[in-house]
Every structure is written in structure tokens, then in C-alpha cells.
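Residue-level structure breakdown
Read off the chains here:
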Amino acid sequence: MSHSRSAFALRLSILLCVACLLSISTRLTTKVSSYPELKIFDAPGARQVFNVTVPFGTTLTSYSVLTLGAPNLDFSSVPRGTTCPNVVAGTCTIEVQFKPTAFGRRQGALVLNDASGNVLLTVSLNGASHEPMTPIGSGTTSTFAGNGKGGDGGPAIDALLAGPTGIAVDGFGNHYIADRKDNKIRKVSPSGVISTFAGTGSQGYFGDGGPATSATLNGPMSVLVDGAGFVYIADTGNNVARMVNTSGIISTYAGQYYAPGTIPPKVCARAINSVGDGCPANQIVLNAPVDLVLCHSQNIHISDQMNNRIRTIIRTTYKTITQVGNGQVGYNGDGELNTKAELNRPTGIAMDADNYIYVADTGNHIIRKTLLDGNTPTPIATIAGIPGRAGNLGDGGPAVSAELNSPRGVQVDAAGDVFVSDSDSKVVREVDARNGVISTILGTAMSGHGDDSGLRAGTELHAPSGILLDEFGKLYIADTQSASIRRVDFAQAPLTDHPLRASSDSRNGSGIKIAARD
């Protein structure tokens, strides 16, 4: 009997030890977490308290509240509701307030770090300032970058670009240019000095885990900055999306490398289709990714051109879904659910403050719009152009009755006006949100670089591609065949304040008065 009791006690002791070890292992491997795990602020002035849990063996040493990588702009911490950092294996709170410094969608991040500066957790922040935009005035055009022979370290307007196709801006006012033909991402500082941000200039797929400036790219077509300041690159010819962190280290974020024209790699076993939906983003197949955009939740959306889909990488799970397009090339009409709609070589994409995505359906010569509502499909509609008809007609009338010719770039302002780079028409057009009327706001339909000293009405473009409309009311156009970035300063752009972007110089400054705030 005593032997039986001893054996039972031994087995119980072993089980308790195993349970103890499992408990310790769980505590050691549990990650820092936050509730809520992201926040979409519904109005200026809104606040949110984030409850942070720090597991055993981890120390939360510091945190940052960022807007496109810059501290304390549209989002800032509130000391009264904050008990972090310097927390070891416990809980704390961080209160964040949304106070937009500019119109339109604002994207930020709450970033938690340990003592070595390693990122423990990134919480996405999103908000919008729904403000009326002042009507566009006459404005003047200038060259922002390119059309010269200079290189890194000199003025961007004297630099040599090979074929820019995309442009983005961060919270400090740095602009990033995807120079497709030079296999580089260039960076222009707020003072107008150009440098290389990623790529060596050689075509290839190399360098993950090292400095972005030592990596090789293959025809990158667009660039994107997230709320934390990470930069994403549509590395089109490599069929992947790359990511550069705030330390300048590059990695592959989505897709698997394969050379154009070769057999794509296999996707994960639990994929629901041949392109990898349902898989982690690094186990999917992209085919000529062209553009990138963030939604409310800062999920990354990719225009997967040759797969005729808009792919979504869910930030909190890293899983991939298709939210627009069924993979078939074509056009099967408006009113169809977005996941069942046919697309024809989509390129540019943009998001508005209400989480509608706008798609330049290039091969169909139209701009389409649909609401992104998680896993719930919603109808898709054409807002500009006549499906299948290429041309440059219709100014002054309904946008849905106008002709476009291979539109490639699309942007949306705070009022809902839509801007389109009508590439083969060599113009930029605007769809007025109030009445749906389309007009040409830049370009003459004649190829050329034009004169930087005149009004925008006489400006010539040559194959405009990606476009950027910033919160100051300045419009940037990647004029690919002119190897330059053009900028339009609208005469009636809205006044706004932005403390880290107030500087200007005689050649590349904003030229727009920055209004003071109480």
C-alpha cells in the first residue's frame, strides 16, 4: 500500500513540475499586449486609454506616440491617464489624444520599446479631420525633383532621376520617390536635399536583413509610410513588397520572390486559392505589385496588377485576404460585390476617411470605388470613365460619362474630391465630390515638360503616374517619361499648422503660410 502511495505521489509531483514548467514557458514567451489593440478615433479631441500588459521577463522602458513616424503631431500622450513606462511584468496605461494638425486622414502609432530600443508592440492609431477644402485656385507649377544631372547630397531639383512612378511623405516632411528605372527609392529632405534611401541601382533581389542602401530592388513602382514611420516598397519586378524599419534595415514584408515570367513558388498548405489567400503575407504569391495604401486599421492593401486583385495584409494577424477582384481580367459591371468583381490590370489605389478604397482600373480605363468592411463584401461602382473606352473627353460633365485613357494614379482629399493621373491623356483630372463633375486641372494633353515659371493651366506632362496630395494642398505628380516630380501649389490651398514642417527654403519650401493655433 505504501509503495502504491509513493508511486502516486511521484506521478503527481512530476505532473505538477511539468505544469509549472509549462506555466513558466508560457509566461516567458507571452508578448506585450494592449487593449484595445488598435484605435480609430471618431472625432478631433477624442481620447483613448490603452491598457498594456507586460509579461514576466520583459521590461517596458519607453514608448512613443507617432504620426507617420514623427512624435506628438496628430496624436499625443496625455500625462494624466498614463502610468507607463518602466514596467516589469505588470500592467500600465497610456492615454492618447487625437488632435489633428491637418485635414483628412491621419495615421499614427503607439510604439512600445525595451531598454535596448527593440519594439515590443506597435498599436495602430487612425483618425480623420472632416473639414471642407477651399476650392482649388489657379496655382503655379514647379519641379520638385529631377530633370537635372546631379546626385545625392545636392538639391533635388538638380538631381537626375530615371523614371519616377510613385511618391510618399512622412511625418517629418521627408518625401520618398520610387524611381523605377533606377531601381532605387530616393529621399528628399524638408530642405530639398536628395539622397538614396533604398537600393544600389543594380537590378536584383538581395539584402534582406541589412541596410536598405545596400539592398537591390527591381523596378520599384510605389512607396508608402505607415504610422510608425516604417517605409514599404512595391518591389514590382521582384513580385514582393519590402519593408524598411526606422533603423534602415530592409526585409520582405509580403510575397515571395520569383523572376517575372517564371513559375511562382508554392503558397502555404492552408491557402484557399492559388495566390495564397489565408496564408501569412510572406507565403503568398504576388504578380507585379504596383501600389500600396493603408486603411483605418493600417492593414496594408496592395494592387496586385497581374493577379487582378487588391490584396489585404491584416496587420494584427499577418494573414492575407482579397477584398477587391476575383482574379479574372475583365469587367462584369457595377453593383457586383467587390470580391466578385473583375478588374483589368489595376494600378493606383487610395483610401478616404470613410474607409472606401479607390482603384485605378487601368485596363478598363475607369476609376472604381468600394467600401472595405472587413470580411463582408460590398458593392463596387465606377465613379469616373466609361468601361473599355479610352479617350480624353468629357470635361465639364459627369465623370461617369467622361473618357479616361489608362489612369494610373488616384488620390482623395478631405472633402472627397478625387484626383486622377490620366496617364496616356497626359493630364491630371479632378472629380468634384459635390456634383460628380470632372475637369482637367493640370496638363494640356501634349507631351512635354513645360515651363515651371507659369500658371498650371499651361503645364505639359509626359505620362503622369503616381500622385500625392498632401495636407497643405500641394499636389505632387510622378511624371515618369519626363523623369521628374512636378508640384502644384494651389493658390487657394487651405491654411494649416504642422510644427515639424514649418520650415521652407527659397527653392523647395511650401510657400504656404502656416497658421498659428491656440
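Rules of the game
Residues numbered from 1 in each chain as written. Predicted model: local features only at pLDDT ≥ 70, side-chain atom pairs only at ≥ 80, totals over all residues. Heavy atoms only, no water. Helix = DSSP H or I, 4+ residues; strand = E, 2+ residues; numbered from the N terminus. Contact = heavy atoms within 4.5 Å. Areas by Shrake-Rupley, 256 points an atom, 1.4 Å probe, with all protein chains shown as cover. Disulfide = S-S within 2.5 Å. Buried < 20%, exposed > 50% of the residue type's maximum accessible area, 1.4 Å probe, protein only. Pairing = 2+ DSSP bridges. Axes fitted to C-alpha atoms, helices over the stretch in contact; angles between N-to-C directions. pLDDT = per-residue confidence, 0-100.

With that settled, consider the overall build of the protein chain. Each helix and strand counted, the protein chain has 1 helix and 35 strands in total. At a minimum sequence separation of 6, the contacts of the protein chain that also span at least 24 residues come to 50%. Looking at the protein chain as shown, the accessible area adds up to about 21000 Å², and 53% of this sits on carbon and sulfur atoms.

With that settled, the discussion passes to the state of the cysteines. This model, assessed by the stated rule, comprises 2 disulfides. One disulfide bridge connects Cys268 with Cys279, the sulfur atoms lying 2.0 Å from each other. Residues Cys268 and Cys279 are joined through a disulfide that is left-handed, its torsion about the S-S bond being -95 degrees. One end of the pair, Cys268, is in the loop between strand 20 (250-254) and strand 21 (289-294); the other, Cys279, is in the loop between strand 20 and strand 21, with 11 residues separating them in the sequence. The same class applies to Cys268 and to Cys279, which are both buried.

What follows concerns the sheet that holds strand 29 (residues 407-412). Sheet strands pair via backbone hydrogen bonds, and the direction of the pair is either parallel or antiparallel. Judged by pairing direction, the sheet is antiparallel, and its 4 strands sit side by side in the order 29-30-31-32 without closing on themselves. In the strand order of this sheet, the two ends are held by strand 29 and strand 32 (438-442), each with one partner. Averaged over all neighbouring strand pairs, the angle between strand axes comes to 30 degrees, with direction disregarded. Looking at chain direction, strand 29 and strand 30 (residues 418-422) are connected through 5 bridges and run antiparallel. The residue of strand 30 that forms the bridge with Gln411 is Phe419.

Here we take up unusual backbone geometry. Tyr35 connects to Pro36 through a cis peptide bond whose omega is -5 degrees. Residues Cys84 and Pro85 are joined by a peptide bond in cis, for which omega reads 0 degrees. Along the chain, the position of Pro85 falls in the loop between strand 7 (75-77) and strand 8 (87-88). We note that Leu68 has phi near 50 degrees; this positive angle belongs to a residue other than glycine. Examined against the element boundaries, Leu68 turns out to sit in the loop between strand 5 (62-67) and strand 6 (70-71). On the accessibility criterion, Leu68 (14% relative accessible area) is buried. A positive phi angle, near 55 degrees, is found at Asn308, a position not held by glycine. Position of Asn308 relative to the elements: it lies in the loop between strand 22 (300-304) and strand 23 (309-313).

Right, let's talk about the confidence of the model for the protein chain for a bit. On average, residues of the protein chain carry a pLDDT of 87, and 85% of them reach 70 or more. The low-confidence segment residues 1-29 (pLDDT under 50) makes 3 contacts with residues lying over four places distant or belonging to another chain. pLDDT under 50 marks residues 492-518. Its contacts with residues more than four places away, or in other chains, come to 68 contacts.

Our next topic: the pairing of strand 15 (residues 184-188). When you tally the buried positions in strand 15, you get 4 out of 5 residues, the bulk of the element. The sheet contact formed by strand 14 (residues 175-179) and strand 15 spans 5 bridges and is antiparallel. If you follow Tyr176 over to strand 15, its bridge partner there is Lys187. Between the end of strand 14 and the start of strand 15, which pair antiparallel, lie 4 residues, with Asn183 showing a positive phi angle near 55 degrees. Counting the residues that bridge the hairpin from strand 15 to strand 16 (residues 194-198) gives 5 residues, and of these Gly192 lies at a positive phi of roughly 95 degrees.

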